[in-house]
Amino acid sequence: MKLLTKQPTVILGTTLSVFLLLAGCADDVKTTGNVTTSPQAEGKKYTFRLADTHPDNYPTVLGDKKFAELVNQKSNGRIKIDVFPNSQLGEEKAVIEQVQLGAIEFTRVSSGPLAEFNKSLGVFSLPYIFDNAAHEWKFLESDKGKELLSSLESSKLKGLAYYDSGARNFYSKKPVKSVEDLKGMKLRVQQNKINIDLIDALGANASPMPYGEVFSSLQTGVIDGAENNYPSYDSSNHYQVAKNLVLDGHQRVPEVVMISKVTWDKLGDEDKKIIQEAATESVKTQREEWAKFEKNSEAKVKAAGATVTEVTDLKPWQDKVKPVIDKYRSEYKDVLDAIDQARK
Ligand code: BDP
């Protein structure tokens, strides 16, 4: 009896394996005339997905596309990466989980939500640690900056490159001229615990939520304000519902392009090299697009009637959030020292 019930399964299993083997081969083996090259010699063909939360013309998506184009060129069309903008594959937190599993192969996300998956990246959410873009990039390109990107491997993610994301500023429905004006406001932040401490220190109430929910939350008054860089303030239309922008530049939270460690580990050395080189080369394009977009966004939101307040004296802002730095200083000592070094 036992044999009888088992036999069909074995036959089915064998048939299935042969079928899968043939199906897999069909994609990998090419026949030119009489010559058939093996998958090993020619390299495998892949089609991967890359998720990004931003719209099609946004600088990160333009960087992603450049990356995909370079991978395609360098692999002679063998490796194809389809870019899915507009959160089509989900909000960042959910996408990161999918990338850890290898269900989505690539993504470009902010290091803000990444901090909940890898504590080291939380350092970028600490307030006022970079003076400007030059300081930030000097650090990102330093050994310590590269080490941080590599540390993602312990979280089943392989960081390939940093992309620019400028500086983040607060904006709200009510006018904000000084740090005191934020008191009591309900402010949306990126989903990580350092941001909650930051908002607490400002005497406001943190409301962590996915990026895609911010517009309607502002519109319906669930929150009073949020914070982001010029390009996101513009492209998300937040400037239409929270017209008061105060340029305090509290964070510079770099974007990260990464691949699932599950996918990475299955790749051959040549493909790893292609992917890494393409990601590194795409940074130039992304940063150029960033600089252009940032300027246009600034002009656009001002023309649309946003009230933009410059902060001439950062001291009261920095003093207010000092408890946050004090709380995390020992945890991030090495990196904070390296960030200070990069200032010199
Ligand atoms: C933008 C980042 C994006 C984040 C968003 C946010 O580019 O990846 O999702 O901020 O605030 O600047 O969540």
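Basis of the calculations
Residues numbered from 1 in each chain as written. Predicted model: local features only at pLDDT ≥ 70, side-chain atom pairs only at ≥ 80, totals over all residues. Heavy atoms only, no water. Near = heavy atom within 4 Å. Polar contact = N/O pair within 3.5 Å; in protein donor to acceptor, adjacent residues only side chain to side chain. Areas by Shrake-Rupley, 256 points an atom, 1.4 Å probe, with all protein chains shown as cover. Nonpolar A, V, L, I, M, F, W, Y, C, P; charged D, E, K, R; others polar. Domains from an automatic or database assignment. Buried < 20%, exposed > 50% of the residue type's maximum accessible area, 1.4 Å probe, protein only. Helix = DSSP H or I, 4+ residues; strand = E, 2+ residues; numbered from the N terminus. Axes fitted to C-alpha atoms, helices over the stretch in contact; angles between N-to-C directions. Parallel < 35°, antiparallel > 145°, perpendicular 65-115°, else oblique. Left-handed = near helix turned anticlockwise from the far one by under 90°. Contact = heavy atoms within 4.5 Å. Pairing = 2+ DSSP bridges. Right-handed = clockwise from strand over helix to strand, strands pointing away. Phe/Tyr/Trp six-rings, centres within 6.5 Å; stacked < 30°, edge-to-face > 60°. Lys NZ or Arg CZ within 6 Å of the ring centre and 35° of its normal.

## Looking at the site of the ligand
The ligand sits among 13 residues. The nearest are His54, Glu92, Arg188, Asn228 and Glu255. The side chain of glutamate 92 places a nitrogen or oxygen atom 2.5 Å from an oxygen atom of the ligand. One of the side-chain nitrogen or oxygen atoms of serine 232 is found 3.2 Å away from an oxygen atom of the ligand. Expressed as a share of its isolated accessible area of 320 Å², the protein-covered part of the ligand is 98%. Residue composition of the shell around the ligand, grouped by class: 1 nonpolar, 7 polar and 5 charged. Each of domain 1 (32-165 + 254-294) and domain 2 (168-252 + 298-342) accounts for three or more of the residues forming the shell around the ligand.

## Structural notes on helix α6 (residues 133-140)
Two residues of an α-helix separated by three or four positions point the same way, owing to the 3.6 residues in each turn. For α6, the complete set of buried residues consists of His135, Glu136, Trp137, Phe139 and Leu140. The distance from a side-chain oxygen at the start of α6 to the backbone nitrogen of alanine 134 is 3.3 Å, and the residue carrying that oxygen is asparagine 132.

## Some words on the packing of helix α3 (residues 59-74) against helix α13 (residues 269-303)
Interaxial distance between α3 and α13 falls to 7 Å at its minimum, and their mutual angle equals 150°. The orientation of α3 relative to α13 falls into the category roughly antiparallel. For the crossing formed where α3 meets α13, the hand is right-handed. Together, Pro59, Thr60, Leu62, Gly63, Lys66, Phe67, Leu70, Val71 and Lys74 of α3 and Ile274, Ile275, Glu277, Ala278, Ala279, Glu281, Ser282, Thr285, Gln286, Glu289, Trp290 and Phe293 of α13 make up the contact between the two elements. Taken together, the residues of the contact of α3 with α13 sort by class into 11 nonpolar, 5 polar and 5 charged.

## Notes on the pairing of strand β3 (residues 46-52)
Note on strand geometry: in a regular strand, side chains alternate between the two faces of the sheet. For β3, the tally of buried residues reaches 5 of 7 residues, placing the bulk of the element in the interior. Relative to strand β4 (residues 79-84), β3 is paired through 6 bridges, and the arrangement is parallel. Across the sheet, tyrosine 46 pairs through a bridge with isoleucine 79, a residue of β4. In this region the chain leaves β3, passes through α3 and returns to the parallel neighbour β4; the handedness of that crossover is right-handed. Pairing geometry for β3 and strand β5 (residues 106-110), over 3 bridges, is parallel. When the bridges of β5 are listed, leucine 50 appears paired with phenylalanine 106.

## So, helix α8 (residues 193-201)
Listed in full, the buried residues belonging to α8 are Ile194, Asn195, Asp197, Leu198, Ile199 and Ala201. In this structure, the buried side of α8 is in contact with β7 (168-172), β8 (186-189), β9 (205-208), β11 (244-251), α14 (315-320) and α15 (322-328). Two or three places before isoleucine 194, at the start of α8, stands the capping residue asparagine 192, its side-chain oxygen 3.0 Å from that residue's backbone nitrogen. Following α8 by one or two positions, glycine 203 has its phi on the positive side, about 75°.

## Focus: the packing of aromatic side chains
Any two aromatic rings considered together are summarised by their centre-to-centre distance and by the angle between their planes. Under the definition given, this model contains 12 aromatic pairs. Geometrically, the ring pair formed by tyrosine 58 and phenylalanine 293 is tilted, given 5.5 Å between the ring centres and 50° between the ring planes. With a gap of 235 residues between them, tyrosine 58 in the loop between β3 and α3 and phenylalanine 293 in helix α13 connect regions that are remote in the sequence. Residue classification places tyrosine 58 among the buried residues on the basis of a relative accessible area of 0%. Among the residues examined, phenylalanine 293 registers a relative accessible area of 14% and is labelled buried. One aromatic cluster is present, built from ring pairs that chain together Tyr46, Phe48, Phe67 and Phe106. When the ring centre of tryptophan 137 is taken as origin, the NZ or CZ atom of arginine 287, which lies over that ring, is 3.9 Å away.

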